[in-house]
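The chain contents come next:
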Amino acid sequence: MLLHAYKLSLIVMAPKPQRIRHLAGATWQSAMKKARTMSTETETESSSMKDAFSKYADYLNNLNDKRERVVKASRDITMNSKKVIFQVHRISKHNKEEVLDKAVKDMAAVTDQYVSRLVKELQGTDFWKLRRAYSPGVQEYVEAATFCNFCKTGTLLTLDEINAAFLPLSDPSVEPLQINILDYILGLADLTGELMRLAIGRISEGELDFAEKICSFVREIYRKLTLIAPEMDDPSDMKQKMETMLQSVMKIENACFSVHVRGSEYIPMLGSADPSYPLLGMPDVD
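The rules behind the values
Every chain is numbered independently, its residues counted from 1 as its sequence is written. Local features in this predicted model are restricted to residues of pLDDT 70 or higher, and side-chain atom pairs are both shown and tallied only at a pLDDT of 80 or more, whereas totals for entire chains, interfaces and linings draw on every residue. Each side-chain value is worked out from all heavy atoms of the structure, with water and hydrogens disregarded. Here, a salt bridge means any Lys or Arg side-chain nitrogen found within 4 Å of an Asp or Glu carboxyl oxygen. Numbered from the N terminus, helices here are DSSP runs of H or I no shorter than four residues, and strands are runs of E no shorter than two. Exposure categories follow from relative accessible area, calculated using a 1.4 Å probe and restricted to protein chains: below 20% of the type maximum is buried, above 50% is exposed, and the middle band is partly exposed. We call Phe, Tyr and Trp rings a pair once their centres come within 6.5 Å, taking the six-membered ring for Trp, and we label the pair stacked below 30 degrees between planes, edge-to-face above 60, and tilted otherwise. Here, patches come from residues exposed beyond 30% relative accessible area and free of salt bridges, joined within 9 Å for like charges and within 5 Å for nonpolar side chains (Val, Leu, Ile, Met, Phe, Trp, Tyr). Working definition of accessibility: Shrake-Rupley area with a 1.4 Å probe, residue cover restricted to the visible protein chains. By the convention used here, residues are in contact when the closest approach between their heavy atoms is within 4.5 Å. Here the nonpolar core consists of buried residues drawn from Ala, Val, Leu, Ile, Met, Phe, Trp, Tyr and Cys, with membership extended through side-chain atoms lying within 4.5 Å.

For the coordinates displayed, the defined rule picks out 16 salt bridges. The salt bridge partner of Arg223 is Glu220, with a shortest N-O separation of 2.8 Å. A residue pair is termed a helical-turn pair when its members lie 3 or 4 positions apart in one helix, as Arg223 and Glu220 do in helix 7 (residues 208-228) at 3 residues. With relative accessibility at 43%, the residue Arg223 sits in the partly exposed group. Note on Glu220: relative accessible area 34%, which makes it partly exposed. Several salt bridges converge on common partners, so that one network encompasses Lys66, Arg69 and Glu121.

Counted by the stated rule, this structure contains 3 aromatic pairs. With a centroid separation of 5.5 Å and 75 degrees between ring planes, the pair formed by Phe53 and Tyr56 is classed as edge-to-face. Linking Phe53 with Tyr56, this pair stays in helix 2 (residues 17-88), spanning 3 residues, or about one helical turn. Relative accessible area serves as the criterion here: at 53%, Phe53 is assigned to the exposed category.

The next thing to look at is a nonpolar patch on the surface. Judged by side-chain polarity, Met49, Phe53 and Tyr56 come together as a nonpolar surface patch covering roughly 380 Å² of accessible area. Of note, Met49 is situated in helix 2. What makes Met49 exposed here is its relative accessible area of 52%.

A few words now on the side chain of Ser170. Structurally, Ser170 can be placed in the loop between helix 5 (159-166) and helix 6 (181-204). Ser170 gets classed as buried once you look at its relative accessible area, which sits at 11%. Not counting the four nearest positions on each side in its chain, Ser170 is found in contact with Val119, Gln123, Pro176 and Leu177.

With that out of the way, let us pick up the environment of Ala211. Take Ala211: it is sitting in helix 7. For the pair Ala211 and Ala255, spaced 44 residues apart in sequence, the C-alpha separation works out to 9.0 Å. Here Ala211 is in contact with Ala199, Ile203, Ile252 and Cys256, once residues within four sequence places are set aside.

In this structure, Asn163 sits in helix 5. As a C-alpha pair, Asn163 and Gln178 span 15 residues in sequence and 5.6 Å in three-dimensional space. Asn163 has contacts with Gln178 and Ile179, leaving out every residue within four places of it along the chain.

Moving on: the nonpolar core. The biggest cluster of nonpolar side chains holds 68 residues, and the ones touching the most others in it are Leu118, Tyr134, Ile214 and Met238. Among all residues touching Leu118, those that are not within four sequence positions of it are Val70, Ala73, Ile77, Tyr134, Val138 and Leu177.

Here it is in structure tokens:
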């Protein structure tokens, strides 16, 4: 009797085939639903990641395109700034005002036509990222502007004055492009080489006073930059320029010294009918 009751309980407790199929179906449906959910989440994440990287690609492509335009603008500034420097070197004691007036106009044209294009490309952007692309042009511009200003007024054109000239070229609603101190200093270092050439040319035409003024000016720039150069974060470029600048100072000093020492010597100029024409235009000293 007990054995019969035990067998009956086992039969009652045993899962029916239909119930097993129901449980299996429910488990399968749950697994499929979970798989679909995971697939949907994966597709969403993949789409989000794709959109993000698409934005990164667009940003980099636009940045590269901007860099190419900035490099082109920098080259145009460099080329036309050199033309201003060549114009200034044409001065003599007979045409100084005329030559310098034209140089000033040419400098204004460089600013309006070429610098303005660079400003429009870089205003309102993080232009520090593209500094290496436009730095050579800016340095040449600083060199030409300071060279022209010194020959015109005898003073140094400051960084604030240059940046003030850039402000009208920018949209007032965005951050304007401003020349940084490093590019200004590097441009000044190049300026001394042009002043050395100018001084030698002025000595050859007898303008010793002007050459001595240039010598004092270049010597002062070199002295000031000697104090600044060791404090620069990346002095590698400046180190080479300082060596070249020292050579320029020594050349001007030696030329001026030689004129003072040998001022009483005479040499007939080729094609001159006056055999007592003084050397370098210096008066006779007994």
